[in-house]
Amino acid sequence: MINKNMKRGFGSAGFAAALMAGVMTAAIMTAPQANAEEKVVANGELLRIQEYPGTILHFTQWVAADKGFCEDHGIRCEMVKIPSGPVGLQALAAGSIEVSFASTEVTMQAASRGNDVQLIVGHSPANIYTLNVHADVPRPNKDKGYPAVMQDLKGLNVGVTGRGSGTELQARALFIGAGMDPDDVTYIAVGAPGTAYPSFLARQVDAAMMFEPFGTICRLQETCGALVDLVGGEGPAEITSLNGAFETYAARTDFIEKNTVAIDAFIQAITEATAWVNDPANFDELLEVVKGRFTLGDEIEDSENVLRELVKSGAPLYGAEIDRTAVKAFSDYLIQNELITDPVDPATFVYAKAPKP
């Protein structure tokens, strides 16, 4: 069971054109929220959206911008590269962006500290992280699986996107779920996969709690192994029970109130883009969108096929809905670990028009 030790280390620090009428109809039909509401068209407002540099996580916002969903709903969607959830929330509070993107517990902690934000639409319902360890790190517990494998990291450096980020929180949860002190390792901020992987190769960190394309690249280059695959459902129940609202987009409450039409338009654009991304019939077009926004680099052998596999495996994982039950589970989870002191009510933390399952 996770306990108050989870609190340690967080003091001052705080981690991927219009469509044919038939395709558009199919996309909307798969999105209950969009199907139930009239189309929202804004007045050309600019929405600056957080993007993690060097990662492939942003299919839906890229598609929304590049395939005309944003334009169709009367908004201009612009990506702003920001390396971690906490930094993105700082930018949101400062007005440098209008839409942040982070794991729900990071946004919830910011809200509990007085950052008046609301979740507006989903991104990834299920966990997207994998704890990877360098190939030359001794792993005497490798065959025993979780939780025993966590002992193999004791005394080592673990890379996370940023201090206080979702990647650090999840890493700490794995140690506590294994009956260990979460400070048995040293957490080092290495940014998103684009900067994290070079740090990993340089052995600035021995392991990394990260998201794609980190795991696929290091696996293909045989530089790492997956110690705990949270994407595959490994890890303690305290983590696996959070699926349903794992990664989400958020906006400031005052901005939502003053720009309701633009936010509602963004929700519809992302919801429709998500349905489009999920549709296997759009794979070739999706691949071209991703190629226009993301590259693996010449050092990746057979990078064309690697990218195809990343897009193929990633497309079904997106979801615009936010499960309010999962949001409450996040609140319970953070209170249990003394990371927040008062419950966060989904009714106020989640925008009323955010898509529901």
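For every chain, the first residue of the written sequence is number 1, and numbering continues from 1 along that sequence. For a predicted model such as this one, the threshold for reporting local features is a pLDDT of at least 70, and the threshold for listing and counting side-chain atom pairs is 80 or more; totals across whole chains, interfaces and linings nevertheless cover every residue. Only hydrogens and water are set aside; all other atoms, that is, all heavy atoms of the structure, feed into the side-chain values.

Looking at the state of the cysteines
Each disulfide consists of one covalent bond between the sulfur atoms belonging to two cysteines. Rules: Cysteine sulfurs are considered disulfide-paired once they come within 2.5 Å of each other. When a residue's accessible area, from a 1.4 Å probe over protein chains only, is under 20% of the maximum for its type it is buried; when over 50% it is exposed; and in between it is partly exposed.
Throughout the structure, instances matching the rule amount to two disulfides. The side chain of Cys218 participates in a disulfide bridge whose partner is Cys224; the two sulfur atoms lie 1.8 Å from each other. Because the sign of the S-S torsion sets the handedness, a value of about 40° for the bond joining Cys218 and Cys224 places this disulfide among the right-handed ones. The same class applies to Cys218 as to Cys224, namely buried.

Let's talk about the sheet that holds strand 5 (residues 130–134)
Worth spelling out the cut-off: Here, any two strands with at least 2 DSSP bridges between them count as paired. Under the scheme used here, helices are H or I runs from DSSP no shorter than 4 residues and strands are E runs no shorter than 2 residues, and both carry numbers assigned from the N terminus. Axis angles are defined between N-to-C directions and span 0 to 180 degrees, where every axis is a line fitted to C-alpha atoms and, for a helix, only to the segment in contact.
Pairing is mixed in the open sheet, where five strands are placed in the order 7-6-8-5-9. Each having just a single partner strand, strand 7 (186–189) and strand 9 (224–229) make up the two edges of the open sheet. Averaged over all neighbouring strand pairs, the angle between strand axes comes to 30°, with direction disregarded. Judged from the two bridges that link them, strand 6 (residues 157–160) and strand 8 (residues 207–210) form a sheet pairing that is parallel. Within strand 8, the position partnered with Val158 by the bridge is Ala207.

Quick word on helix 14 (residues 303–314)
Threshold: Here the expected length of a helix is defined as 1.5 Å per residue gap, with one fewer gap than residues. This arc describes the spread of directions from the helix axis toward the C-beta atoms. In this description, contact between two residues means that some pair of their heavy atoms is separated by no more than 4.5 Å.
The terminal C-alpha atoms of helix 14 lie 16 Å apart, and with twelve residues this matches the ideal 16 Å at 1.5 Å per residue to within 8%. Among all positions in helix 14, only Val306, Leu307, Leu310, Val311 and Gly314 are buried. Each buried residue of helix 14 sits inside an arc of 135° when the element is viewed along its axis, so together they form one side. Where helix 14 is buried, its residues touch helix 3 (59–66), helix 9 (214–220) and helix 13 (283–293).

Quick word on the pairing of strand 7
To keep things clear, this is the line we draw: A clockwise course of the path from the first strand over the helix to the second, judged with the strands pointing away from the viewer, identifies a crossover as right-handed.
Pairing geometry for strand 6 and strand 7, over four bridges, is parallel. Residue pairing across strands places Val158 opposite Tyr187, the latter belonging to strand 7. In this fold, strand 6 hands off to helix 7 (residues 166–177), which returns the chain to strand 7; that crossover is right-handed.

Quick look at the sheet that holds strand 3 (residues 100–103)
Pairing in this open sheet of three strands is antiparallel, and the strands run 3-10-4 from one edge to the other. With one partner strand each, in any of the chains shown, strand 3 and strand 4 (117–124) form the two edges of the open sheet. Between one strand axis and the next, the sheet turns by 35° as a mean value, whatever way the strands run. Strand direction decides the pairing type here: strand 3 and strand 10 (residues 247–252), joined by four bridges, are antiparallel. By the bridge assignment, Ala102 is partnered in strand 10 with Thr248. Contacts between helix 6 (residues 104–112) and the sheet are confined to strand 3, strand 4 and strand 10, with strand 3 contributing the most and set at about 110° to the helix.

Section: the confidence of the model for the protein
Keep this limit in mind: You can read pLDDT as the predictor saying how much it trusts each residue, on a scale of 0 to 100.
For the protein, per-residue confidence averages 88 on the pLDDT scale, and 90% of positions sit at 70 or higher. Counted against residues more than four places away or in other chains, residues 1–35, with its pLDDT under 50, gives 91 contacts.

Comments concerning the environment of Val306
Among the secondary structure elements, Val306 is positioned in helix 14. Looking at Val306, the relative accessible area reads 7%, which means it is buried. Beyond its immediate chain neighbours, meaning those up to four positions away, Val306 contacts Thr216, Leu220, Leu296, Ile300 and Glu301.

Quick look at helix 3
A large share of helix 3 lies buried, amounting to six of its eight residues. Every buried residue of helix 3 is listed here: Phe59, Thr60, Gln61, Trp62, Val63 and Ala64. One or two steps after helix 3, the chain reaches Gly68, where phi turns positive at roughly 90°.

Comments concerning the packing of aromatic side chains
Threshold: Two aromatic rings from Phe, Tyr or Trp, using only the six-membered ring of Trp, form a pair when their centres are within 6.5 Å; if the ring planes differ by under 30 degrees the pair is stacked, by over 60 it is edge-to-face, and anything between is tilted.
Taken as a whole, this structure holds eleven aromatic pairs when the rule is applied. An angle of 20° between the planes, with centres 6.3 Å apart, marks the rings of Tyr197 and Phe200 as stacked. Of this pair, Tyr197 and Phe200 both sit in helix 8 (residues 193–201), three residues apart, which is roughly one turn of that helix. Taking relative accessible area as the criterion, Phe200 reaches 0% and is therefore assigned buried. An angle of 90° between the planes, with centres 5.8 Å apart, marks the rings of Tyr249 and Phe266 as edge-to-face. Of the two residues, Tyr249 is situated in strand 10 and Phe266 in helix 12 (residues 260–278); the sequence distance between them amounts to 17 residues. Looking at Phe266, the relative accessible area reads 0%, which means it is buried. A connected cluster of aromatic rings, assembled from ring pairs, spans Tyr52, Phe101, Tyr129, Phe211, Phe246, Tyr249, Phe266 and Phe330.

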